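# Close look at the chain arrangement
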Amino acid sequence: MALPSWQDKGKYGSKVRAALWLETVVGEGNIFTKPQLREAFPDVAQIDRRMRDLRDHDWTIHTKREDPSLKQEEQRYVKKGAEIWIPGQAKSEKLKPSLTAAQRTKTMVADSFLCRSCGIGAGEFYSDGGQSQLDVARRRVRLENGLEEVQLVTECSRCRIGGRDRVADLDAVIKGWEELIPIEQRVFASWVEDDQRKLSGLEKLWGVYRSLPEDARETVKRAIERAGEQ
């Protein structure tokens, strides 16, 4: 079925036209720039905002914030959401209310201003040199009674990309703790109390070893083998 024309100003609003432009001109997986967007919609002063509004209908559009490989002026059309040009579709999705500044601050303070997926802090650098940006995400949580609710959590922009469909299962976490031996339960309980995992000397040494190049790892391996032969 052919899609309507994104240039039909009389029938469609700017948000719908932006969606049709992505589908018929850009195409999923491809990159477009802000100048290209504004050139296509010279009559729409807020076309950047209308494009962002598509995310409320489950359209996925990445900027440099979500995809560090993009340039500042580039965006990537990742995935189509609701077909909002069809009557009724624009209202079929439950729009997510915007978070208040107080909600964001409360969540980030509770999460110690750390990404709860990878542990990076605000403004810290990733191993590839990119700098982290933290925001508050919505995470689906399956409760002990089997019901699901949405809770707020701090994540960096990179982790948010892969975590949109993640569901945290509280029952599995609690049962996993119950299956640990007593000494492991106490260690885990201390991590929960401190809200951080304190690495032992053994774990720190393993982390350093893992980061060594192959030849260096072989040198360490031979040294350990020689010690074992004595």
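Figured I'd write up the structure that's included with this text. (Residues numbered from 1 in each chain as written. Predicted model: local features only at pLDDT ≥ 70, side-chain atom pairs only at ≥ 80, totals over all residues. Heavy atoms only, no water.)

### Quick look at the sheet that holds strand β5 (residues 148–156)
Within a sheet, neighbouring strands are paired by backbone hydrogen bonds and run either parallel or antiparallel to one another. Rules: Each pair of strands is called paired provided DSSP finds at least two bridges between the two strands. Numbering of helices and strands starts at the N terminus; helices are DSSP runs of H or I of at least 4 residues and strands are runs of E of at least 2. To obtain an axis, a line is fitted to C-alpha atoms, over the contacting stretch when the element is a helix, and the angle between two such axes runs from 0 to 180 degrees between their N-to-C directions. Any pair of residues with heavy atoms lying within 4.5 Å of one another is described as a contacting pair.
Sheet architecture is open: three strands sit in the order β5-β4-β6, paired in mixed fashion. Both edges of this open sheet fall to β5 and β6 (167–169), since each of them pairs with a single strand only. The mean angle between the axes of side-by-side strands here comes to 40°, regardless of whether they run parallel or antiparallel. On top of the sheet, helix α4 (residues 101–110) reaches β4 (134–142) and β5; it is set at about 80° to β4, its chief contact. In the packing of helix α6 (residues 170–178) onto the sheet, contacts are made with β4 and β6, and the angle to β6 comes to roughly 35°.

### Side note on the nonpolar core
The condition that has to hold: Put simply, buried Ala, Val, Leu, Ile, Met, Phe, Trp, Tyr and Cys residues joined by side-chain atoms within 4.5 Å make one nonpolar core. For every residue, the accessible area (1.4 Å probe, protein chains only) is compared with the maximum for its type, and the residue is labelled buried under 20%, exposed over 50%, or partly exposed between those bounds.
The biggest cluster of nonpolar side chains holds 23 residues, and the ones touching the most others in it are Trp 21, Leu 22, Phe 32, Phe 41, Met 51, Leu 54 and Trp 85. Broken down by secondary-structure element, the contributors of at least two residues to this core are α1 (14–26), α2 (34–40) and α3 (47–53). The element that contributes the greatest number of residues to this core is α1, accounting for seven residues. Within the second largest apolar cluster, nine residues are counted, among which are Tyr 126, Leu 134, Val 136 and Cys 156.

Functional significance is not addressed by these values, which are geometric in nature.
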